[in-house]
Amino acid sequence: MLFLTACADRADVTSGINVDIVPIHYALSLNLNKSKRVEAKNRLNAFLTDQKDNILFGTIEMYVANNAAYKFAKNVESKLHEQGVEASMISIERVKHPLQQRFDYVIRVTRHQVTVPICRPAQSGDFFHHSLGCSVDAIRWKSMNRPENVLNQSGMDTRPLKAL
């Protein structure tokens, strides 16, 4: 009679990795006095150029404190539409008092970034490690343009920062 024994690691392919999706905010605050309107437009154009990738894949919120700032925001909105930004990704909100006591226009671009664990390669003798597929999951999550759309939005805090 022949008796064979062996041991093998249990394959746990159903466990995923821990993923954190963190909102990253890029903001520009402007004072739209008549004397500084040209300077404000130049600063805005530089901001839009620097943040082009974040604008295309993020959400844009504009906060305005008066009618002149609202007209300015509407012009910015039409400019963003021309660049290919969807209407659902842009919002304009009126506030009662000047922002931070001195700005009457703020544009804030929010882009969500995925942070994933560092995956180490499997080694012989690693029993009961649950990192099987870690690299594949990490690459999949990091390649998403809008990872926040995959998550349950009811638990996410989408309120503006206190500074606004």
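The structure we're discussing is the one just above.
The paragraphs below set out a description of the structure included in this document. (Residues numbered from 1 in each chain as written. Predicted model: local features only at pLDDT ≥ 70, side-chain atom pairs only at ≥ 80, totals over all residues. Heavy atoms only, no water.)

1. What about the pattern of salt bridges?
Here the structure, examined in full by the defined rule, presents two salt bridges. Two residues, Arg108 and Glu61, come together in a salt bridge whose shortest N-O distance is 2.8 Å. In this pair, Arg108 is assigned in strand β4 (residues 105-115) and Glu61 in strand β2 (residues 59-64), connecting sequence segments 47 residues apart. An identical accessibility class is assigned to Arg108 and Glu61; each is buried. (Salt bridge = Lys/Arg side-chain N within 4 Å of Asp/Glu carboxyl O. Helix = DSSP H or I, 4+ residues; strand = E, 2+ residues; numbered from the N terminus. Buried < 20%, exposed > 50% of the residue type's maximum accessible area, 1.4 Å probe, protein only.)

2. With respect to the sheet that holds strand β1 (residues 20-30)
Taking strand neighbours across the sheet as the criterion, the four strands line up as β1-β4-β2-β3 in an open arrangement whose pairing is mixed. At either end of the open sheet lies a strand with only one pairing partner, and these are β1 and β3 (90-94). Recorded for the sheet is a direction-independent mean angle of 20° between the axes of neighbouring strands. As paired strands, β1 and β4 are joined by 11 bridges and run antiparallel to one another. Note on β4: the bridge partner recorded for Ile24 is Arg111. Packed onto the sheet, helix α1 (residues 37-50) meets β1 and β4 and runs at close to 160° relative to β1. Helix-sheet contacts for helix α3 (residues 67-82) involve β1, β2, β3 and β4, and the interaxial angle to β3 is about 180°. (Pairing = 2+ DSSP bridges. Axes fitted to C-alpha atoms, helices over the stretch in contact; angles between N-to-C directions. Contact = heavy atoms within 4.5 Å.)

3. Section: the pairing of β2
Remember that side chains alternate between the two faces of the sheet whenever the strand is regular. Within β2, five of the six residues are buried, which leaves it mostly tucked inside the rest of the structure. Bridging between β2 and β4 involves six bridges; their strand directions are antiparallel. Its bridge partner being in β4, Tyr63 is matched across the sheet by Val106. The sheet contact formed by β2 and β3 spans five bridges and is parallel. The residue of β3 that forms the bridge with Ile60 is Ile90. Since β2 and β3 lie parallel, the crossover through α3 that links them has a hand, and here it is right-handed. (Right-handed = clockwise from strand over helix to strand, strands pointing away.)

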